[in-house]
Protein chains: 2
Amino acid sequence: MTRQKLKDSLHNRSVSQSRILRFREGFVWQAAARKVYKDEPESWRGVTRTSLVGGADEIPVPFHVRYFEVEVGGFSSLEKHAHQHVILVVRGRGLVKLGDRQDSLSFGDVVYVAPWEVHQFRNPEGPEPFGFLCMVPADRDRPVLVREQD
Amino acid sequence: MTRQKLKDSLHNRSVSQSRILRFREGFVWQAAARKVYKDEPESWRGVTRTSLVGGADEIPVPFHVRYFEVEVGGFSSLEKHAHQHVILVVRGRGLVKLGDRQDSLSFGDVVYVAPWEVHQFRNPEGPEPFGFLCMVPADRDRPVLVREQD
């Protein structure tokens, strides 16, 4: 954690444990680092993850809120898992694959991904990054990668 | 449920239980009704609630995602509760009261409300409605209203 982030973080916790994470231009949040999306680098391209609440954070919460961003030409892993997740688009446009179905998504669209549904998010056309919030239970299983031919 | 909503709802469930809720101009979602915020009408003004995932929905999920909108001059109840919640602003500007602190909020800002923190959302200046997502655990306690002088 950089000195500025530590300072922001301490400031934000000065009133009990409640806190405000400030949004900055370019879909960056104060004191929340953009990180590499996940391991298995051959399964995805051009995706970053920003943990907004939960995860690396020290506050124990029953659900985690993350911001994922897919650059133009990028895609998340084609995967499935037992846990449910909910996404809500906040930047740009993209595609979601849900089982055999594919749909375009833009600002405000909500996707509920049911348990074990094979899914993937892609940004084939841009012109800007495709960004969405993703809410998941804190206690969740690890995703299983799916090969296109499966 | 209206006939159109039922039709939308059935369409959305045609691929397993996964579904997409389409965003419409004016912060309305397909097949998701705007409802009155809550009982105790004397404690709030000009607030609507739209359940996006969970709640009245038949899909059991461990957390609920709602969209709240506060019209210009409106405010939510000043309240507290044991459960945590997370909000993220998606429309307009407003104020959040967190304990003795008050902060302005705009697009993308995230608020984590800790257990038993007294809180309230207000839209004193507009010029447009103040809208935010609110994520809460599905299993939660009922909020306790707080009087200003408490």
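It should be noted that the structure appears before, not after, this text.
Residues numbered from 1 in each chain as written. Chains lettered and ligands numbered in written order. Predicted model: local features only at pLDDT ≥ 70, side-chain atom pairs only at ≥ 80, totals over all residues. Heavy atoms only, no water.

### Brief notes about the pairing of strand β5 (residues 45–53) of chain A
For a regular strand, the rule is simple: side chains alternate between the two faces of the sheet.
Residue and element names in this part refer to chain A.
Working step 1: Looking at chain direction, strand β4 (residues 34–36) and β5 are connected through three bridges and run antiparallel. Looking across to β5, one finds that R34 is bridged to T50.
Working step 2: One ladder, built from seven bridges, connects β5 with strand β6 (residues 63–75); its direction is antiparallel. Considered in β6, the bridge of R49 is made with F68. (Pairing = 2+ DSSP bridges. Helix = DSSP H or I, 4+ residues; strand = E, 2+ residues; numbered from the N terminus.)

### Focus: the environment of Q120 of chain B
Residue and element names in this part refer to chain B.
Working step 1: With respect to the helices and strands, Q120 occurs in strand β12 (residues 119–122).
Working step 2: The contact partners of Q120, leaving out residues within four places of it in the chain, are F75, S76, S77, L78, L95, V96, K97 and E148.
Working step 3: In terms of polar contacts, Q120 uses its side chain to reach the backbone carbonyl oxygen of S76, at 2.9 Å. (Contact = heavy atoms within 4.5 Å. Polar contact = N/O pair within 3.5 Å; in protein donor to acceptor, adjacent residues only side chain to side chain.)

### Here we look at the interface of chain A and chain B
Working step 1: The partner chain B presents 43 residues to the 44 residues of chain A that form the contact.
Working step 2: Carbon and sulfur atoms make up 65% of the area that chain A and chain B hide from each other, which totals about 3700 Å².
Working step 3: A per-residue breakdown of the area chain A buries against chain B is headed by F63, R101 and Y112 of chain A, which together make up 18% of the total.
Working step 4: Seen at the junction of chain A and chain B, the total is four salt bridges.
Working step 5: For D103 of chain B, the salt bridge is made with R22 of chain A, and the minimal N-O distance between the two is 3.6 Å.
Working step 6: In this assembly, chain A and chain B are joined by 16 residue pairs in polar contact (both at pLDDT 80 or more).
Working step 7: Residues of the side of chain A that touches chain B, tallied by class, amount to 30 nonpolar, eight polar and six charged.
Working step 8: Here strand β1 (residues 19–21) of chain A pairs with strand β11 (residues 110–113) of chain B via three bridges, running antiparallel. Along β11 of chain B, the bridge assignment pairs L21 of chain A with V110 of chain B. (Buried area = accessible area lost by both parts, 1.4 Å probe. Salt bridge = Lys/Arg side-chain N within 4 Å of Asp/Glu carboxyl O. Nonpolar A, V, L, I, M, F, W, Y, C, P; charged D, E, K, R; others polar.)

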